[in-house]
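Examining the three-dimensional arrangement
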Amino acid sequence: MPQKPDNCTIVIFGAHSDLAARKLFPALYELALWGKLPDEYRIVGVGRAALSHEEFRSKVQEKMAGLFPEAIRNKEAFAAFSARLFYVRADFADREGYDLLHEELMEGSGESGTSRNLLFYLATPPALAPVIVRNLQLAGLGENNASPGSWRKIIVEKPYGSNLQTARELNSVIGEAFNEERIFRIDHYLGKETVQNIMVFRFSNGIFEPLWNRQNIANVAITIAEEFGIRDRGAFYEEAGLLRDIVQNHALQLLASVAMEPPVDFSAESVRDEKAKLLRSIRHFNPESAPQTIVLGQYEGYRTEKNVASDSTVETFAAIKFFVDNWRWKDVPFYVKAGKNLAETVTEIVITFKCPPQNYFGPAESCSYTANQVILRIQPEETIAIKFGAKRPGEAVITDPVYMKFDYKTSFAAVGATPYHRLLLDAMAGEQMNFIRQDSVEYSWAIVDAIRDAVKGQSPEPYPVHSWGPESVQGIY
Ligand code: BG6
């Protein structure tokens, strides 16, 4: 059994955020329930509302009762968890609040030893991150104020900055307060079992990797589709748009995992070296290549969503044809398609292999009909399927596509852990592999900035709700 993390305090900035309510508190509570948190821990929420510790506890309980009623049915366990919740009121831009936080962290912890190790979690909009980190540093809460043998770490939610320039600025501000090995840039996709399995699938099996290259693969298609719209995140979406919300992080991380070279070893740095190298190899976009490689869309009705401008040109859909300019992948298209309010909720990576040199069997379109594929379904089903052609029973020799399938659900007992369970534990333990390193963040922004520049001034094309995006997507295939 892995060791328990050191006793520590987890400090959540944005304690009233949707993310905190939906993901962080439930994950922390369940980790406590499963005995995975340290023996002594405290969770300090930081927010603008004036609340006592007790009021804060009631609020967390209220939200959890609404979202996950069954989670808090065990009243005793929830009470024990709730007693470890504390609250500090702070205006993020105001120094004073950080002195109060310092006081709460150092003095409120009593004999528990939880003030020695601090894990800050920024569940706040990207523009607030620099000011929070500067103030932490000024209030003596940065890493260089930690006593020997203790630690201070910071988890920063995506989007990390809003373009290359702001990401660099943020890297430099955070770099003054924390060393790179204490900075955890989170992309929750990297905490998904099926995403972590991409590398295992590729590098623990001998039969796929020899084929995993431009000689054998015709194209790779990555889809991140959601059947629902922006929900109540109008203000966020107007700032971010889908390119920043999904492509810069989730989509490019999937692309990096499926296309990276084998790492020297299975250490965080070796794996992240290969991902960074891959992202650096992605061909950049320009206005000349844009019409054949980029389609942005906006679902019909987006402009009437709450907190959305009536003439908004923010994209809620993107289809992009990427190329990876290296020896393995030169000229193999990587089609990335992501969007809100699409026909289905599904995330998958489909690797389509080239046809055999001769088509002996019918039907005439046999190759595209039965082309070999490896289909890595990330969610909602957690499966891997291999598609191949088989003879249709009967006198004529005609091939039909058939599938061999592995399903997590039937092959393994359900674990119940979500990405946030895993990534919170990883950060407490100092395990960096599934967090994004500074160089990768910057390469990803450089790509997304180039995409945005290449289509500057163009409005996204409207598409009907529950479709597969604008019709012009066909044009980039
Ligand atoms: C988040 C995005 O990072 O990921 C959301 O901000 C998106 O827009 C979500 O809906 C998807 O994550 P998951 O794990 O629910 O598929």
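For the structure, check the block above.
What you are looking at is a predicted structure, and each value in this text was computed from that prediction instead of being measured.

1. Observations concerning the site of the ligand
Every residue lining the ligand is accounted for by Lys158, His188, Lys192, Glu226, Arg233, Asp245, His250, Lys340 and Gln379. Contact distances for the ligand include 2.6 Å between an oxygen atom and a side-chain N or O atom of Lys158. Within the side chain of His188, a nitrogen or oxygen atom sits 2.7 Å from an oxygen atom of the ligand. In isolation the ligand has 400 Å² of accessible area, and contact with the protein removes 78% of it. Looking at the shell around the ligand residue by residue, the class counts come to no nonpolar, three polar and six charged.

2. Brief notes about the state of the cysteines
Any covalent bond linking the sulfur atoms of two cysteines counts as a disulfide. The final tally for this structure, using the stated rule, is one disulfide. Here Cys355 is linked by a disulfide to Cys367, with a sulfur-sulfur distance of 1.3 Å. What sets the handedness of the Cys355 and Cys367 disulfide is the S-S torsion sign, and at about -80° it is left-handed. With Cys355 in the loop between strand S11 (346-353) and helix H11 (366-370) and Cys367 in helix H11, this residue pair connects regions lying twelve residues apart in the sequence.

3. So, the pairing of strand S10 (residues 334-339)
Within S10, six of the six residues are buried, which leaves it mostly tucked inside the rest of the structure. Residues Phe334, Val336 and Ala338 point to one face of S10 and Tyr335, Lys337 and Gly339 to the other, with burial holding for every one of them. Two elements, strand S7 (residues 217-225) and S10, share six bridges in a ladder whose sense is parallel. In the strand pairing of S10, Ala225 is matched with Gly339.

4. Some points on the packing of helix H1 (residues 18-33) against helix H3 (residues 75-82)
Orientation of H1 relative to H3, taken along the N-to-C sense of each, is 110°, at an axis distance of 10 Å. For the element pair H1 / H3, the angle class is roughly perpendicular. Here H1 runs over H3; the crossing is right-handed. For the pair formed by H1 and H3, the contact residues are Phe25, Leu28, Tyr29, Ala32 and Leu33 on the first element and Ala77, Phe78 and Phe81 on the second.

5. A closer look at the packing of helix H7 (residues 193-203) against helix H8 (residues 234-259)
Contact pair H7 / H8: the axes reach a minimum separation of 9 Å and the direction vectors enclose 15°. On the basis of their axis angle, the class for H7 and H8 is roughly parallel. Classified by chirality, the crossing of H8 by H7 is right-handed. Seen from H7, the contacting residues are Val195, Ile198 and Arg202; seen from H8, they are Leu254, Ser257, Val258 and Ala259. Across the contact of H7 with H8, the residue classes break down as five nonpolar, one polar and one charged.

6. As for the sheet that holds S11
Strand pairing in a sheet relies on backbone hydrogen bonds. The paired strands run either parallel or antiparallel. Across the sheet, which stays open at both edges, the nine strands sit in the order S14-S13-S12-S11-S7-S10-S9-S8-S15 with mixed pairing between neighbours. Where the open sheet ends on each side, the last strands, each with one partner, are strand S14 (399-407) and strand S15 (461-463). Neighbour-to-neighbour, the strand axes of this sheet turn through a mean angle of 20°, independent of strand direction. Here five bridges tie strand S12 (residues 373-379) to strand S13 (residues 383-391), and the two strands are oriented antiparallel to one another. Bridge assignment links Val374 to a residue of S13, and that residue is Ile386. Contacts between H8 and the sheet are confined to S7, strand S8 (294-299), strand S9 (317-322), S10, S11 and S12, with S9 contributing the most and set at about 35° to the helix.

Thresholds applied
Residues numbered from 1 in each chain as written. Predicted model: local features only at pLDDT ≥ 70, side-chain atom pairs only at ≥ 80, totals over all residues. Heavy atoms only, no water. Near = heavy atom within 4 Å. Polar contact = N/O pair within 3.5 Å; in protein donor to acceptor, adjacent residues only side chain to side chain. Areas by Shrake-Rupley, 256 points an atom, 1.4 Å probe, with all protein chains shown as cover. Nonpolar A, V, L, I, M, F, W, Y, C, P; charged D, E, K, R; others polar. Disulfide = S-S within 2.5 Å. Helix = DSSP H or I, 4+ residues; strand = E, 2+ residues; numbered from the N terminus. Buried < 20%, exposed > 50% of the residue type's maximum accessible area, 1.4 Å probe, protein only. Pairing = 2+ DSSP bridges. Axes fitted to C-alpha atoms, helices over the stretch in contact; angles between N-to-C directions. Parallel < 35°, antiparallel > 145°, perpendicular 65-115°, else oblique. Left-handed = near helix turned anticlockwise from the far one by under 90°. Contact = heavy atoms within 4.5 Å.

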